[in-house]
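Residues per chain are reported as follows:
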Amino acid sequence: MGKYTLSVIKADVGGWVGHSDVHPDLLAKADERMAQAKSSGLIVDYYRSKVGDDIVFIMTHQKGPDSEEIHKFCWDSFVAITEVAKKLSQYGAGQDLLSDAFSGNVKGMGPGCAEFDIDVRPAEPIIVYAADKTEPGAWNMPLYKMFADPFNTIGLVIDKGMHDGFKFRVHDLRDHKEVVFSLPEEMYDMLVFIGAPSRFVIKNVMRKSNDEIVAATSTQKLHEIAGRYVGKDDPVMIVRCQSGLPAVGEALEPFAFPHTVAGWMRGSHHGPLMPVGTADDTPTRFDGPPRVVALGFQLTQDGILGTPRDMFADRSYDNARQTALDVADYLRRHGPFEPHRLGLDEMEYTTMPEVMEKLKDRFVKAED
Ligand code: F6R
Ligand code: MG
Ligand code: MG
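Before going into details, it helps to say that this report is about the structure given with it. All of these numbers come straight from a predicted model, not from anything done at the bench.

1. Some thoughts on the coordination of the magnesium ion (ligand 3)
Point 1. Within the protein, the magnesium ion (ligand 3) binds to D53 (OD), D54 (OD), D132 (OD) and D234 (OD); these donor distances fall in the range 2.0 to 2.2 Å.
Point 2. Each donor residue of the magnesium ion (ligand 3) belongs to the same chain, with the gaps between them written as D-D-x77-D-x101-D.

If you want it as C-alpha cells, here you go:
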C-alpha cells in the first residue's frame, strides 16, 4: 500500500468583499503556487479549495506531518497571495500571517493545519471539511457523533470493525495539554470536556487496534497565539471513511443538524453551522451565518486526490439549511444579548477588556 501524508493547510490572507469571499485573482495565484509545488515534485497532488474568506490547500506528499519544506512552501504561498491581495486592496490582506518571518512550521503562526499519514487502502474515501466564521471546537459534536454515537453511526452497532469504538485525542487549548479517551468506556468523561468546545477540542480520532489516525482537525486558535482578537480560526477537518470507519453518509449525517457554534460576526456571536455546497460558501448575512463545506475524495494508491465531490450541495441538506436560516433569524433577534453574543469569558479577547478598563473607576460599591 502507498504511504502518503495528507496535509490540509488554510489561511485568510484577504477578503473580497469584507470577510465574505476570496477574489478570483487570489485563487489564481494560489493555483499557480500549488501547480508549481506539484511540478517541482514537492507534493504528489493537490486540490485548492476555499470557504468564505479562507484559502484551503489540500495536498498529498511523502514528507510526513510537520514537514518544514511543505509548511514553508504554504507560508511563502500565502505571502505571495497577500501581495496580490494588497495590490487589489482586499480586506485584511495578510490577516492570518501573524509573523514577519517563517519559523519552521505554520502552526502557531496563524494558518490552520490538519495532517496525518495514511497507508492508502485499495479504495480510500476521504472527506475534507472546511468551515468559515467559527472555531476548531465546532468539529467536536460532529466528530463525537460520527465515531461514538450509534444514533448517528449505526456501524458502531453492526459493523464488526467499529464495534469496539475509537480513541479520541483531546487538546486543552488554554493550558496546552492533551489527553486520550477510549470510547465508549470513557464517553461520559470525555463529554465533560468536549462539551466546552471553546477550550477543549478533539484533535484526532484513532483506531483502537493500532492507534492509526483516522480523523484530524486544525486546532490553531489565533487569539491563543496573538494574545488578542486578530481574526477567526476558521477550522478544517479530515475524516477517512468506510470499511471499519464511518460510512461516507455517517460522516456527513451530523451536519444535518446545524448545531450552534461560536464565531459569527466579529468572532463574538453564536450561530448555526450551515452545511452548504461550494457555490454558497460566502457568509453574507451579518457576516454569516457560519458555514461548512465538505469535499469528498477517492484517494488513489498513487496519492492522487482526483476530482472532489461537493458533498453538501446535495438537496438532502436543504432542510438543514432551512433550519439554519430559521435559527439565524431567531438568534439575530437577540441583538447584543447573550446567548447570541458570546459569554463574558469568550469575549475576553475582544474590546470587552478595554471597555472594562475605561469604566473601572466608575464602578463603585453597590448598596446591597
Ligand atoms: C467574523 C469575521 C467578521 C469580522 C467583522 C469585523 O469571524 O471575520 O465578522 O469580525 O467583519 O471585521 P473588522 O474587525 O476587520 O472590521
Ligand atoms: Mg477575513
Ligand atoms: Mg474566514
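So, next bit.
2. A word on the coordination of the magnesium ion (ligand 2)
Point 1. Distances from the magnesium ion (ligand 2) to its protein donors, namely D12 (OD), H19 (ND1) and D53 (OD), fall within the range 1.9 to 2.2 Å.
Point 2. Counting the intervening residues between successive donors of the magnesium ion (ligand 2) yields the motif D-x6-H-x33-D.
Point 3. Between the magnesium ion (ligand 2) and the magnesium ion (ligand 3), both coordinated by D53, there is a metal-metal distance of 4.7 Å.
Point 4. Accessibility expressed as a relative area gives 1% for D12, which makes it buried.
Point 5. Overall, H19 belongs to the partly exposed group, its relative accessible area being 24%.

3. With respect to the side chain of H340
Point 1. Along the chain, H340 falls in the loop between α9 (318–332) and α10 (352–359).
Point 2. Among the residues examined, H340 registers a relative accessible area of 0% and is labelled buried.
Point 3. Other than its neighbours up to four places away in sequence, H340 contacts W264, S268, H269, H270, F286, L331, R332, H334 and G335.

4. Some points on the nonpolar core
Point 1. Grouped together as the largest cluster of nonpolar side chains are 41 residues, with contacts concentrated most on Y129, L143, F147, V239 and F255.
Point 2. For this core, the element with the most residues is helix α3 (residues 140–148), which contributes five residues.
Point 3. Counting residues in hydrophobic clusters, the runner-up holds 27 residues, among them V13, L27, L42 and C113.

5. Some thoughts on empty space enclosed by the protein
Point 1. Under the definition given, this model contains one cavity of 30 Å³ or more.
Point 2. Each pocket or cavity is described by its volume, and for the largest cavity that value is around 30 Å³.
Point 3. Taken together, K10, G110, P111, G112, S218, Q220, D233, D234 and P235 form the lining of the largest cavity.
Point 4. Its residues placed into classes, the lining of the largest cavity shows two nonpolar, four polar and three charged.

Thresholds applied
Residues numbered from 1 in each chain as written. Chains lettered and ligands numbered in written order. Predicted model: local features only at pLDDT ≥ 70, side-chain atom pairs only at ≥ 80, totals over all residues. Heavy atoms only, no water. Donors = N, O, S within 2.8 Å, 3.2 Å for Na, K, Ca; no water. Buried < 20%, exposed > 50% of the residue type's maximum accessible area, 1.4 Å probe, protein only. Helix = DSSP H or I, 4+ residues; strand = E, 2+ residues; numbered from the N terminus. Contact = heavy atoms within 4.5 Å. Core = buried A, V, L, I, M, F, W, Y, C linked by side-chain atoms within 4.5 Å. 1 Å grid on protein atoms, 1.4 Å probe; cavity = no way out; pocket = protein on both sides within 12 Å on 5 of 7 lines; lining within 4 Å. Points joined across faces, edges and corners; volume = space filled by probe spheres on them. Nonpolar A, V, L, I, M, F, W, Y, C, P; charged D, E, K, R; others polar.

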